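Inside the fold
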Amino acid sequence: RGAGEGEGGEGGAPGAAMPSGCLTLFIINKAGGLVYTRHFSQDIPPIKLNDCLRLASTFHSMHAIAGRLTPVRQPTGIDVLEADTFRLQCFQTPTAIKFLMLSEPRVLSLDTLLRQVYALYADYVLKNPFYELDMPIQCELFNKQVDALIAK
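Structure report, in brief.

Thresholds applied
What you see as residue numbers is a count from 1 along each chain, following the sequence as written. Owing to the predicted nature of the model, reporting of local features is limited to residues with pLDDT of at least 70; listing and counting of side-chain atom pairs is limited to 80 or more, with chain, interface and lining totals taken over all residues. The basis for every side-chain value is the complete set of non-hydrogen atoms in the structure, without hydrogens or water. Any two of the Phe, Tyr and Trp rings considered here, Trp counted by its six-membered ring, make a pair once their centres fall within 6.5 Å; the pair's planes then place it as stacked at under 30 degrees, edge-to-face at over 60, or tilted in between. Note on conventions: DSSP H or I runs of at least 4 residues are helices, E runs of at least 2 residues are strands, and numbering of each starts at the N terminus. Buried means the residue's accessible area, taken with a 1.4 Å probe over protein chains only, is under 20% of the maximum for its type, while exposed means over 50%, and partly exposed covers the values in between. Think of a salt bridge as a Lys or Arg side-chain nitrogen and an Asp or Glu carboxyl oxygen that are within 4 Å of each other. Here, nonpolar core means buried Ala, Val, Leu, Ile, Met, Phe, Trp, Tyr and Cys residues that are tied together by side-chain atoms lying within 4.5 Å of each other. Whether two residues are in contact is decided by their heavy atoms, any of which lying within 4.5 Å being enough.

1. Remarks on the packing of aromatic side chains
For the structure shown, the criterion picks out 5 aromatic pairs. Residues Phe 91 and Tyr 118 carry aromatic rings whose centres are separated by 5.7 Å and whose planes lie at 55° to one another, so their mutual orientation is tilted. Taken together, the residues span a long stretch of sequence, with Phe 91 in strand β4 (residues 87–92) and Tyr 118 in helix α2 (residues 111–126) at a distance of 27 residues. Among the residues examined, Phe 91 registers a relative accessible area of 9% and is labelled buried. One aromatic cluster in this structure is built from Phe 91, Phe 99, Tyr 118 and Tyr 121.

2. As for the pattern of salt bridges
Side-chain pairs of opposite charge can arise where the charged atoms are in close proximity. Evaluated as defined, the whole model comprises 6 salt bridges. Across the pair Asp 123 and Lys 127 runs a salt bridge, and its minimum N-O distance is 3.2 Å.

3. Digging into the nonpolar core
Judged by nonpolar contacts, the single largest core of 25 residues is most densely connected at Leu 25, Ile 27, Phe 99, Met 101, Tyr 121, Ile 137 and Phe 142. Going through the elements one at a time, β1 (22–28), β2 (34–39), β5 (98–103), α2 and α3 (140–151) are the ones with two or more residues in this core. Top contributing element to this core by residue count: α2, with 6 residues. Discounting chain neighbours no more than four positions away, the residues touching Met 101 are Cys 22, Thr 24, Leu 25, Phe 40, Arg 87, Leu 88, Gln 89, Leu 110, Leu 113, Leu 114 and Ile 150. Core analysis: the second largest hydrophobic core is formed by 12 residues, Cys 52, Phe 59, Leu 88 and Leu 102 among them.

In structure tokens:
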């Protein structure tokens, strides 16, 4: 198993149909480490763990650099990265945890969805007495709630 994949880390429950559009969810800690990844697409194979780790650390660095280069007073870094073949949207919490969703380019906005994932993270991960901060997330209840949210 990879970083925070937990049971069923390759996606939702066996046989459960996930909506097309949302491909992979990543959670990156404030140090840039990947603590959770969850793949949703049944049609596209999941990203290999090493590639997920590389993506997380690269995005974390690019986000920090973009935040420093921005000429506004409250820099936020990179919110959305769009390409012809994918869209990567980021929601950063006040504690610098980043929630990233990789999606198909036709998906226009994932901000509300990422905020809802953050609420689930607060409820099911941070309130878990066995979870240690900055460690990979392995919480089956969190997995089930994320799957249910994405399936809506």
